[in-house]
Amino acid sequence: MIRKLTAGVAVVAAASVLAGCPPSGGGASGGGSGSGPILVGYYGDLTGPTATFGTSTREGVDLAVEEINQDPPLGRPLEIRAEDDQGKSEQAVSVVTKLVDQDQVVAVLGEVASSNSLAAAPVCQRANVPMITPASTNPQVTQVGDYIFRICFIDPFQGSVMAKFAANSLNAKRAAILWDAKSDYSKGLRDFFKQTFPGQIVAEPSYSAGDTDFNAQLNAIKQANPDVIFVPGYYTEVGTIARQARDQGIKAPLIGGDGWDSPKLFESAGKALDGSYFSNHYSAESTDPRVQDFISAYKKKYNGKVPDAMAALGYDAAKILADSLKRAGATDGPKLRDAIAQTKDFAGVTGNISLDADRNATKPAVVLQISGDRFKYVETVEP
């Protein structure tokens, strides 16, 4: 990761020198000019292994922008410039460099995967272009610099939510962890779960994203006889892990984090995840009028599709950006950065959002249970 980040930043710096231009500073010309649309960048995985994350987030952003442009900030409509990073960290650096240096966007929305956000965030930081990640939960993301924000909870909270849920609601005394060694997201959740779980961690084998055979790891877990198995990974592997666990006769429930949230999960898991649980950012079963209005608008725009949490977070991220533009009264990087940092009690679909001094959101999590082909609301956990 360090090598990739260093190489990416070096390429960006070299490109700026060769072009004879300094960092854009938030689109001083183009997207930040006093007339015409306000250009906003979006980057995500639209065609790669976690494409449902990027697609859902983009759909949420686009719905929000349609609504925002009915009364646009500064009297200028927002225009989204979207880029596909294919779920690759090196590609994330490349497309965000393009958004910042060529398109001269005033802000960037993205990414979902923490590893990709960590790779691209330095590009925004050095150019003084605010970046808002809707869903990257690894704590290190906003530590890149003071122009990097997130509107989701972070892994110390999410990991502790599931550790306490396992102990208190599932009465688990022994837990196993099966985690993705290539993922900053997965490693972070593993660490925070271990720190909080009051019982015994009896096994913690790892896998790598893209693996399809988990039988050796699951056999080791089976021998350890856990009460619960924490799988802090993405939907791309979780369904297969669940099927192979049930094939081995493992009956312990699986629990996980927001990386499970995708309609593709049911395709790969079948019934193997019935009775399992994961933490998430919102529930479509909420009776909150804000949530139901969002769901109705989303279903109308996207042919009846029910929005997942990534769509809701993309929607909230775009709305917070528009609100910050209005409060800033300008599009230049420092003023917009300060306005985003001052976000307090913003009424979002995923809860009331306040950003703390580290530019992280303070907000609740929900625990959902998988039942058939739906996610059933179980409980809300306040920060």
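Our structure is the block above this text.
**Q** Tell me about the overall build of the protein chain, and please be specific about residues and values.
**A** Helix and strand counts for the protein chain come out as twelve helices and 17 strands. Here the protein chain has a C-alpha radius of gyration of 21 Å; the compact-globule value for 383 residues is 21 Å, and the two agree. Seen through its principal axes, the protein chain has C-alpha atoms that stretch 65 × 45 × 35 Å. Out of the 383 residues belonging to the protein chain, those deemed buried represent 57%. Restricting the contact set of the protein chain to residue pairs at least 6 apart, pairs at least 24 apart contribute 69%. For the protein chain, the exposed surface amounts to about 14700 Å²; the carbon and sulfur share of it is 50%. Across the protein chain, the 37 positively charged side chains and the 43 negatively charged ones have centroids separated by 2 Å.

**Q** I'd like a rundown of the sheet that holds strand β6 (residues 174–177), residues and numbers included.
**A** If you walk across this open sheet you meet the seven strands as β8-β6-β10-β11-β12-β16-β17, and the pairing is mixed. Both outer strands of the open sheet, β8 (200–203) and β17 (374–381), are each paired with one neighbouring strand and no more. Averaged over all pairs of adjacent strands, the angle between strand axes in this sheet comes to 30 degrees, irrespective of strand direction. Across two bridges, the pairing between strand β11 (residues 254–256) and strand β12 (residues 277–280) is parallel. From the neighbouring strand, Gly256 faces β12, where its bridge partner is Phe278. The sheet strands contacting helix α7 (residues 215–224) are β6, β8 and β10 (228–230), and the helix crosses β8 at an angle near 135 degrees.

**Q** Go over the nonpolar core, please, and point to the residues and values.
**A** Membership of the largest hydrophobic core comes to 97 residues, with the highest contact counts inside it found for Leu109, Met162, Phe193, Trp260, Leu273, Phe294 and Leu321. If you tally residues by element for this core, the top one is helix α11 (residues 309–328), at twelve residues. Discounting chain neighbours no more than four positions away, the residues touching Leu321 are Val40, Ala107, Leu109, Ile132, Leu336 and Ile340. In terms of nonpolar packing, the next biggest core, distinct from the first, is built from 21 residues, Val105, Val123, Met131 and Ile148 among them.

**Q** Describe empty space enclosed by the protein, with residues and values.
**A** If you walk through the whole model with that rule in mind, you get one cavity of 30 Å³ or more. Put simply, the largest cavity is a space of about 60 Å³. Its residues assigned to classes, the lining of the largest cavity comprises six nonpolar, two polar and one charged.

**Q** Report on the sheet that holds strand β5 (residues 148–150), specifying residues and quantitative values.
**A** Overall, parallel pairing links the five strands, which are arranged β2-β1-β3-β4-β5 in an open sheet. Each edge of the open sheet carries a strand with a single partner, namely β2 (78–84) and β5. Within the sheet, the average angular offset between the axes of one strand and its neighbour, ignoring direction, is 25 degrees. As paired strands, strand β1 (residues 38–44) and β2 are joined by seven bridges and run parallel to one another. Bridge assignment links Ile38 to a residue of β2, and that residue is Leu78. Docked against the sheet, helix α2 (residues 51–68) engages β1, β2 and β3 (107–109), running at close to 170 degrees with respect to β2.

**Q** With reference to specific residues and values, describe unusual backbone geometry.
**A** Of the consecutive residues Gly110 and Glu111, the connecting peptide bond is found in the cis state with omega at -5 degrees. Along the chain, Glu111 falls in the loop between β3 and α4 (114–127). Non-glycine residue Asn225 carries a positive phi angle of around 55 degrees. As for its position among the elements, Asn225 is in the loop between α7 and β10. Its identity is not glycine, yet Asn303 carries a phi of approximately 55 degrees, on the positive side.

**Q** Give me the environment of Ala51: which residues, what numbers.
**A** Mapped onto the secondary structure, Ala51 falls in helix α2. Judged by its relative accessible area of 18%, Ala51 is buried. The contacts of Ala51, once residues within four sequence positions are left out, are Asp45, Leu46 and Tyr235.

**Q** How would you sum up the packing of aromatic side chains? Please name residues and give values.
**A** As enumerated under the stated definition, the model contains 15 aromatic pairs in all. With centroids separated by 5.3 Å and ring planes inclined at 90 degrees, the aromatic side chains of Tyr207 and Phe214 adopt a geometry described as edge-to-face. A residue is classified by how much of its surface remains accessible, and Tyr207, at 2% relative accessible area, is buried. Ring-pair connections join several aromatic residues into one group, and the members of that group are Tyr282, Phe294, Tyr298, Tyr302 and Tyr315. The ring of Trp179 carries the charged tip of Arg190 above its face, separated from the ring centre by 4.0 Å.

Definitions and limits used
Residues numbered from 1 in each chain as written. Predicted model: local features only at pLDDT ≥ 70, side-chain atom pairs only at ≥ 80, totals over all residues. Heavy atoms only, no water. Helix = DSSP H or I, 4+ residues; strand = E, 2+ residues; numbered from the N terminus. Rg over C-alpha atoms; globule rule 2.2 N^0.38 Å. Buried < 20%, exposed > 50% of the residue type's maximum accessible area, 1.4 Å probe, protein only. Contact = heavy atoms within 4.5 Å. Areas by Shrake-Rupley, 256 points an atom, 1.4 Å probe, with all protein chains shown as cover. Lys, Arg positive; Asp, Glu negative; His and termini not counted. Charge placed at Lys NZ, Arg CZ, Asp CG, Glu CD. Pairing = 2+ DSSP bridges. Axes fitted to C-alpha atoms, helices over the stretch in contact; angles between N-to-C directions. Core = buried A, V, L, I, M, F, W, Y, C linked by side-chain atoms within 4.5 Å. 1 Å grid on protein atoms, 1.4 Å probe; cavity = no way out; pocket = protein on both sides within 12 Å on 5 of 7 lines; lining within 4 Å. Points joined across faces, edges and corners; volume = space filled by probe spheres on them. Nonpolar A, V, L, I, M, F, W, Y, C, P; charged D, E, K, R; others polar. Phe/Tyr/Trp six-rings, centres within 6.5 Å; stacked < 30°, edge-to-face > 60°. Lys NZ or Arg CZ within 6 Å of the ring centre and 35° of its normal.

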